Amino acid sequence: QVELVESGGGLVQPGGSLRLSCAASGSILRFYNMGWYRQAPGKERELVAGITSGGMATYVDSGKGRFTISRDNARNTVYLQMRSLKFEDTAVYYCNTHGATIWPWGQGTQVTVSS
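An account of the accompanying structure is given in this report.

Criteria and thresholds
Each residue is numbered by its place in its chain's sequence as written, counting from 1. Thresholds applied to this predicted model are a pLDDT of at least 70 for local features of residues and 80 or more for the giving and counting of side-chain atom pairs; totals over whole chains, interfaces and linings are not thresholded and use all residues. To obtain the side-chain values, all non-hydrogen atoms of the structure were used and water was disregarded. Aromatic pairing here means that ring centres of Phe, Tyr or Trp (its six-membered ring) are within 6.5 Å. Orientation follows from the plane angle: under 30 degrees is stacked, over 60 is edge-to-face, and everything else is tilted. We count a stretch as a helix when DSSP gives it H or I for four or more residues in a row; a strand needs E for two or more, and each element gets its number in order from the N terminus. Categorising residues by exposure relies on relative accessible area from a 1.4 Å probe, with only protein chains included: less than 20% of the type maximum marks a residue as buried, more than 50% marks it as exposed, and the intermediate range marks it as partly exposed. In this description, a disulfide is simply a cysteine sulfur pair whose atoms lie within 2.5 Å. Any two strands with at least two DSSP-identified bridges between them are counted as paired. Charged residues are defined here as Lys and Arg on the positive side and Asp and Glu on the negative side; His and the ends of the chain fall outside this count. Put simply, a salt bridge is a Lys or Arg side-chain nitrogen that is within 4 Å of an Asp or Glu carboxyl oxygen. Under the rule applied, a polar contact is a pair of N or O atoms within 3.5 Å (in protein, one hydrogen donor and one hydrogen acceptor; residues adjacent in sequence only if both atoms are side-chain atoms). By the convention used here, residues are in contact when the closest approach between their heavy atoms is within 4.5 Å. To obtain each axis, a line is fitted to C-alpha atoms, and for helices this fit is confined to the stretch in contact; angles are then taken between N-to-C directions over 0 to 180 degrees.

**Overview of the packing of aromatic side chains**
Moving on, step 1. Tallied over the entire structure, the rule returns 3 aromatic pairs.
Moving on, step 2. Geometrically, the ring pair formed by Tyr32 and Trp103 is edge-to-face, given 4.8 Å between the ring centres and 65 degrees between the ring planes. Placement of the pair is Tyr32 in the loop between β3 (18–24) and β4 (34–39) and Trp103 in the loop between β9 (91–97) and β10 (109–113), with a sequence separation of 71 residues.
Moving on, step 3. On the accessibility criterion, Tyr32 (26% relative accessible area) is partly exposed.
Moving on, step 4. Centre to centre, the rings of Tyr37 and Trp105 are 5.2 Å apart; their planes meet at 85 degrees, and the pair counts as edge-to-face.

And the structure:
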């Protein structure tokens, strides 16, 4: 069973940056399309960005131009570089596969954008 561990969140001012990491146990991450998701208080979990097993990235409108998803298959890790953060980016961020197979969710990492 794959375990996902997200890290890198924190408190940041508007306009600031954070880099999130997601480490997967084992060595099968390389075979999967992966995604970063977030869940804000009172809202459903939503996809933020996806990256194919080959490294092609896609973004939802809210993150375009500000977020960059990447992966290091040798390290079984997926990253999300976030820039120009806004109040509305406040949420718990999770990674998981982006496809039909969903692994057990990790604990997520809290991102709080506040002045």
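**Examining the state of the cysteines**
Moving on, step 1. One pass over the structure, following the stated rule, counts 1 disulfide.
Moving on, step 2. Note that Cys22 is cross-linked by a disulfide to Cys95, the S-S spacing being 1.6 Å. With Cys22 in strand β3 and Cys95 in strand β9, this residue pair connects regions lying 73 residues apart in the sequence.

**Thoughts on the pairing of strand β5 (residues 46–51)**
Moving on, step 1. Sheet topology note: the β4/β5 ladder contains 5 bridges and is antiparallel. Looking across to β5, one finds that Arg38 is bridged to Glu46.
Moving on, step 2. The antiparallel hairpin formed by β4 and β5 contains 6 residues in its connecting segment, where Gly42 sits at a positive phi of about 80 degrees.
Moving on, step 3. Where β5 meets strand β6 (residues 57–59), 3 bridges bridge the pair, whose relative direction is antiparallel. Bridging from a neighbouring strand, Ala49 pairs with Tyr59 of β6.
Moving on, step 4. Linking two consecutive strands that pair antiparallel, namely β5 and β6, is a turn of 5 residues; a positive phi of about 100 degrees is found at Gly55 within it.

**What about the pairing of strand β7 (residues 67–72)?**
Moving on, step 1. Here β7 shows one buried face, formed by Phe67, Ile69 and Arg71, and one open face, formed by Thr68, Ser70 and Asp72.
Moving on, step 2. As paired elements, β7 and strand β8 (residues 77–82) share 6 bridges and run antiparallel to each other. Bridged to Thr68 within β8 is Gln81.
Moving on, step 3. Two successive antiparallel strands, β7 and β8, enclose a turn made up of 4 residues, where Asn76 displays a positive phi of approximately 55 degrees.

**Points about the side chain of Glu6**
Moving on, step 1. Residue position: Glu6 is located in strand β1 (residues 4–7).
Moving on, step 2. For Glu6, which is buried and forms no salt bridge, the nearest opposite charge comes from Arg45, at a distance of 8.1 Å.
Moving on, step 3. There is a polar contact of 3.1 Å between the side chain of Glu6 and the backbone nitrogen of Cys95.
Moving on, step 4. Other than its neighbours up to four places away in sequence, Glu6 contacts Ser21, Cys22, Trp36, Tyr93, Tyr94, Cys95, Gly106, Gln107, Gly108 and Thr109.

**Concerning the sheet that holds β10**
Moving on, step 1. The strand order across the open sheet formed by 6 strands is β2-β10-β9-β4-β5-β6, and the pairing between neighbours is mixed. The open sheet has two edge strands, β2 (10–12) and β6, and neither has a second partner. The sheet shows a mean angle of 25 degrees between the axes of neighbouring strands, direction not considered.

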